[in-house]
Amino acid sequence: MRKKIAAANWKMNLRFEQGVQLLDNLLGRNIQLEDGQLVVFAVPFPYLIMAMEKTKGHKNYFVAAQNCHNKQSGAYTGEVSAEMLQSLGVPFVVLGHSERREYNGETNALLAEKINEALSKGLQPIFCCGEPLQIREEGSQNSYVEKQLQDSLFHLSEEQLKHVVIAYEPIWAIGTGKTATSEQAQEMHLHLRNVLAGKFGEAAADDVSILYGGSVKGSNAKELFSKPDVDGGLVGGASLVADDFTLIIEAIK
Ligand code: PGA
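Described in the following lines is the structure provided in the data block. Fair warning: this is a prediction, and the values are worked out from it, not measured in the lab.

Some words on the pattern of salt bridges
Applying the stated rule across the entire model yields 16 salt bridges. Between Lys121 and Glu117 there is a salt bridge, and its shortest N-O distance comes to 2.8 Å. Pair check on accessibility: Lys121 and Glu117 agree, each one buried. Beyond isolated ion pairs, a larger network of salt bridges with shared partners links Arg2, Arg193, Asp206, Asp229 and Asp231.

Structure representation (C-alpha cells):
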C-alpha cells in the first residue's frame, strides 16, 4: 500500500545534544500516526543509535541513514556499508541526494549499485531524483528525471520496487526557498508514476510512495501533499525547526 511519509533530512547539521533535543521535542508532542502514515528522521551516522532508541515505541516513527556505500565491505576507509546499517536495525537509507550527486560524483550507475546493496540487506532506499535549473528552463525535466529512474531502478524486480521510496527534489528548489508549485510537483510525480507503470505495471507503480523535496515548509506542506501523486515530503531546513516539522507531520495526516 502506498504510504504518506514526512521525512526529515538533517543533512550535516546539529550538534549531538541539539539532535537529542529536537527529537525529544518532536516525539514529546505525541502526534499519533495511523497505519500508512510514516515519519522518518534521516540523521547523521553518529546519531543513528540515539535516534533509533528515541523512536523505539513510537508507532510509525523511523530512522534513516543519509547514505551507504555500494560495496558490501572491505578497504574503504571512512565509508559505511548497508550491512552496518542493517546490523543496527536501521530501516531506511537516503540514496542519490543531489548534494551527493554533485559533491561526491555519484552517478546513476553507482546509485544502481547502492540500491542493490541496500535492498540486499533489507534496507528501504529513499531514492532521490530531480533536475537542475537549466534543465527545467529548457523544459526537458521529464526526460531528465525519467532517465535517473531508468538507470538506477529499472533493473529491479516488481517485488524489489515495493521497498523503494522515491523523492523528487528539483535542485533549483532545494534550500533556495523557491518551492515548486503543487501543480509542478503533481505533474512530475504523475509522470514518474506513469514511467514506473510502463516498466513495472500499474499496480506496482500505484504502490510506490513519491515524496516531494525542495523548500517544503510548515506553511506549504498541506497544499503540496494534497495533490494525488504527492505522498509526502523529504524536508531539509524546515525539519530542523520543531514547530515547522510538526506542521509537516500534521500535513500527512
Ligand atoms: P530543503 O532540502 O527542504 O532545505 O530545501 C530538501 C532536501 O535537500 O532534502
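Digging into the environment of Glu131
Inspection of the secondary structure puts Glu131 in the loop between strand S5 (124-129) and helix H6 (133-138). With relative accessibility at 0%, the residue Glu131 sits in the buried group. Along the chain, Glu131 and Ser219 lie 88 residues apart, while their C-alpha atoms are 24 Å from each other. For Glu131, the contacting residues outside a window of four places in its chain are Arg136, Gln141, Tyr144, Val145, Tyr168, Glu169, Pro170, Ile171, Trp172 and Met188. A polar atom in the side chain of Glu131 sits 2.8 Å from the side chain of Arg136.

Some remarks on the packing of helix H1 (residues 16-28) against helix H2 (residues 48-55)
Two elements in contact, H1 and H2, have axes whose closest approach is 11 Å; the angle formed by their N-to-C orientations is 20 degrees. If you check the angle between H1 and H2, you find them roughly parallel. Two packed elements cross with a definite hand, and for H1 against H2 that hand is right-handed. Residues Phe16, Gly19, Val20, Leu23, Asp24 and Leu27 of H1 pack against Met50, Ala51, Lys54 and Thr55 of H2. Split by residue class, the contact of H1 with H2 holds six nonpolar, two polar and two charged.

Focus: the packing of aromatic side chains
The final tally for this structure, using the stated rule, is six aromatic pairs. Both rings, one in Phe16 and one in Tyr47, keep their centres 5.4 Å apart while their planes meet at 70 degrees; by these two values the pair is edge-to-face. Residue Phe16 is located in helix H1, and its partner Tyr47 is located in the loop between strand S2 (37-42) and H2; the two are separated by 31 residues in the primary sequence. Judged by its relative accessible area of 11%, Tyr47 is buried. Three or more aromatic residues link up through ring pairs in this structure, and these residues are Phe41, Tyr61 and Phe245.

Topic: the nonpolar core
Counting residues in each nonpolar core, the largest one holds 71 residues, and the members touching the most others are Phe41 and Phe245. Considering each element in turn, this core owes the most residues, seven residues, to helix H9 (residues 182-200). Core analysis: the second largest hydrophobic core is formed by 14 residues, Cys128, Ala167, Leu211 and Leu234 among them.

Cut-off values and rules
- Residues numbered from 1 in each chain as written.
- Predicted model: local features only at pLDDT ≥ 70, side-chain atom pairs only at ≥ 80, totals over all residues.
- Heavy atoms only, no water.
- Salt bridge = Lys/Arg side-chain N within 4 Å of Asp/Glu carboxyl O.
- Buried < 20%, exposed > 50% of the residue type's maximum accessible area, 1.4 Å probe, protein only.
- Helix = DSSP H or I, 4+ residues; strand = E, 2+ residues; numbered from the N terminus.
- Contact = heavy atoms within 4.5 Å.
- Polar contact = N/O pair within 3.5 Å; in protein donor to acceptor, adjacent residues only side chain to side chain.
- Axes fitted to C-alpha atoms, helices over the stretch in contact; angles between N-to-C directions.
- Parallel < 35°, antiparallel > 145°, perpendicular 65-115°, else oblique.
- Left-handed = near helix turned anticlockwise from the far one by under 90°.
- Nonpolar A, V, L, I, M, F, W, Y, C, P; charged D, E, K, R; others polar.
- Phe/Tyr/Trp six-rings, centres within 6.5 Å; stacked < 30°, edge-to-face > 60°.
- Core = buried A, V, L, I, M, F, W, Y, C linked by side-chain atoms within 4.5 Å.

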